[in-house]
Structures are given as structure tokens and as C-alpha cells.
Amino acid sequence: MSSIEGCIQIGCTDDAEAEVCSASHVGGSSSDRYLVINNISKIKNITNLCLIAGACNFCVLFVQPSETTLEETVRSSFLACRNLSVQHLVFSTLEEMKTYLVGKQIPLVGIEIMETAISMKAFNYEQKRGIAFMPGNEGMGLTPKQKNVCSHFMYIPQFGAGTASLNVNLATSIVLNDYCSRVSLSLTKEDHDNQVNI
């Protein structure tokens, strides 16, 4: 496997540029929680997905990124003056990424509206060791190749007829937050201190 490991520093630093640092500089642990980014077209969406992953303490798995994707992501000014370190790995193919997850016994869940997909609210995480999520392309959703490497599929239940599907960033943030909330990974010490009993 020829993966590249590191940490993306997103946002404005003192010199108004983002940096790439080594994985040893990552604060906290994102082991066994992954967000796969593949075939996402817009750099804004890639940057936002990295922000979402960092906020939920997920490692990003880039698959087949363009030559400029990583550079543009780390230098994007889309995130206004906010620093965020996101641990990441880079893979050349979907199959290589899948082999990595299988070796760690991590299921890959595709976020997609399809007949075989399970509702997010009905999805059972208890018997799964870690998790990896892969959202689909902004317009076309998951490709056949992406679906072939997924072990499960999940959709976000909707309670109205306002839209056929959600924006990739919104959908991903809902899924990751739901996962963190249900496995008690989302609460920081500050969150615990600020909890209110009702």
C-alpha cells in the first residue's frame, strides 16, 4: 500500500497561509473513524468536508485526489480565519483504500439514497468496530465503483417533500454528528461542563 499520511492545517494562520504538518502534530485520536473523500468536484465542498471531519475527530481518506486538490484544500480561504488540523491518508485507488479498511476490520458505509440503504436512525453501530463513511458526488451520487467497495449503505430520512437529496456537506455533517452522538464521541470536556439537565 502506498498511502501518504499527514495532517492538513486548514484556515488562516499568522501568515495568512495554511500549512501541511506531520501526523504527529495531530491533537487527539481519530483512529477507527474515517471520512472517505473521492469524486467530490468542488474545492469548497472538499474543504468543508475536511472541516466536518475535524470537528467530529474523523481521519480523512483521500482517494485519487487531483494533483492540486490537497494544495488547494490546505490553502483555501473559504474557512474564515479558523485553524483546524485534520489527519489524513491518501490512496491511489478505491481498492487500495478498501484493503486498508478491511485490514482494520472497518466497515465502509456509503451515504446514498437507494433501495438497499438503511435509514440513519435504524443503523446499528454497536457491533461495528470503528466506521468509515463515503458521501457521493454533488450531482451524481456514488459511482458504481464506489458502491462496489461499500459494505453498507445509509440514507438520511426526510420528513417533507422539499428536496430529493441534501447538499453533500449537510448530509455528511448530519451523519457524522449522529454517529458521534450515538457512540458518545462528540462531547468534549467543555460540552460536558456546559450540559444542562432538563
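Residues numbered from 1 in each chain as written. Predicted model: local features only at pLDDT ≥ 70, side-chain atom pairs only at ≥ 80, totals over all residues. Heavy atoms only, no water.

## Describing the side chain of glutamine 146
Then comes step 1: Relative to the helices and strands, glutamine 146 is located in helix H4 (residues 144–149).
Then comes step 2: Apart from residues no more than four positions distant in its own chain, glutamine 146 is found in contact with Asn38, Asn39, Leu94, Met134 and Gly141. (Helix = DSSP H or I, 4+ residues; strand = E, 2+ residues; numbered from the N terminus. Contact = heavy atoms within 4.5 Å.)

## Focus on the packing of aromatic side chains
The geometry of an aromatic ring pair is captured by two quantities: the separation of the ring centres and the angle between the planes.
Then comes step 1: As enumerated under the stated definition, the model contains five aromatic pairs in all.
Then comes step 2: Aromatic pair phenylalanine 91 and tyrosine 100: ring centres 5.3 Å apart, planes at 45°, arrangement tilted. With respect to burial, phenylalanine 91 and tyrosine 100 carry one shared label: buried.
Then comes step 3: Taken together, the ring pairs in this structure connect Tyr34, Phe91 and Tyr100 into an aromatic cluster. (Phe/Tyr/Trp six-rings, centres within 6.5 Å; stacked < 30°, edge-to-face > 60°. Buried < 20%, exposed > 50% of the residue type's maximum accessible area, 1.4 Å probe, protein only.)

## Things to note about the pattern of salt bridges
Then comes step 1: Counted under the stated rule, the structure contains three salt bridges.
Then comes step 2: Where aspartate 32 meets lysine 104, a salt bridge forms, and the shortest distance between an N and an O atom there is 3.7 Å. Highlighted residues: aspartate 32 in the loop between strand E2 (20–21) and strand E3 (33–37) and lysine 104 in the loop between helix H3 (94–103) and strand E6 (108–111), separated in sequence by 72 residues.
Then comes step 3: With a relative accessible area of 25%, lysine 104 lands in the partly exposed category. (Salt bridge = Lys/Arg side-chain N within 4 Å of Asp/Glu carboxyl O.)

## So, helix H5 (residues 168–182)
Then comes step 1: Helix length check: H5, at 15 residues, gives a terminal C-alpha distance of 21 Å against a target of 21 Å (1.5 Å per residue), a fit within 8%.
Then comes step 2: Within the sequence span of H5, burial applies to Val168, Asn169, Ala171, Thr172, Val175, Leu176, Asp178, Tyr179 and Cys180.
Then comes step 3: Here the buried face of H5 lies against E3, helix H1 (43–55), E6, strand E8 (131–135) and strand E9 (152–155).
Then comes step 4: The backbone nitrogen of asparagine 169 has a side-chain oxygen 2.7 Å away, supplied by the residue at the start of H5, namely asparagine 167. (Expected span 1.5 Å × (residues − 1). Polar contact = N/O pair within 3.5 Å; in protein donor to acceptor, adjacent residues only side chain to side chain.)

## As for the state of the cysteines
Then comes step 1: Applying the stated criterion across every chain yields a total of zero disulfides.
Then comes step 2: The cysteine cysteine 180 is free of any disulfide, with cysteine 56 supplying the nearest cysteine sulfur at 4.2 Å.
Then comes step 3: A relative accessible area of 0% places cysteine 180 in the buried class. (Disulfide = S-S within 2.5 Å.)

## Remarks on the packing of H1 against H5
Then comes step 1: At a minimum axis distance of 10 Å, the contact between H1 and H5 shows a crossing angle of 10°. As judged from the angle between their axes, H1 and H5 are roughly parallel. Two secondary-structure elements touch here, H1 through Asn45, Asn48, Leu49, Ile52 and Ala53 and H5 through Val168, Asn169, Thr172, Ser173 and Leu176.
Then comes step 2: Within the contact of H1 with H5, the residues separate by chemical class into five nonpolar, five polar and no charged. (Axes fitted to C-alpha atoms, helices over the stretch in contact; angles between N-to-C directions. Parallel < 35°, antiparallel > 145°, perpendicular 65-115°, else oblique. Nonpolar A, V, L, I, M, F, W, Y, C, P; charged D, E, K, R; others polar.)

## Observations concerning unusual backbone geometry
Then comes step 1: We note that asparagine 39 has phi near 65°; this positive angle belongs to a residue other than glycine.
Then comes step 2: Mapping asparagine 39 onto the fold places it in the loop between E3 and H1.
Then comes step 3: Given a relative accessible area of 37%, asparagine 39 falls into the partly exposed group.
Then comes step 4: Phi is positive for asparagine 57, which is not a glycine, with a value near 60°.
Then comes step 5: With respect to the helices and strands, asparagine 57 occurs in the loop between H1 and strand E4 (59–63).
Then comes step 6: Taking relative accessible area as the criterion, asparagine 57 reaches 26% and is therefore assigned partly exposed.

## Brief notes about the environment of serine 41
Then comes step 1: The residue serine 41 is located in the loop between E3 and H1 in this model.
Then comes step 2: The contacts of serine 41, once residues within four sequence positions are left out, are Asn137 and Glu138.
Then comes step 3: A distance of 3.1 Å separates the side chain of serine 41 from the side chain of asparagine 137, its partner in a polar contact.

## Here's the deal with the confidence of the model for the protein
Then comes step 1: With 62% of its residues at a pLDDT of at least 70, the protein reaches an overall mean of 75.
Then comes step 2: Ignoring residues within four places in sequence, the model shows residues 9–29, a span with pLDDT below 50, making 45 contacts including any to other chains.
Then comes step 3: Throughout residues 77–81 the model reports pLDDT below 50, and contacts reaching past four residues in sequence, or to other chains, amount to nine contacts. (pLDDT = per-residue confidence, 0-100.)

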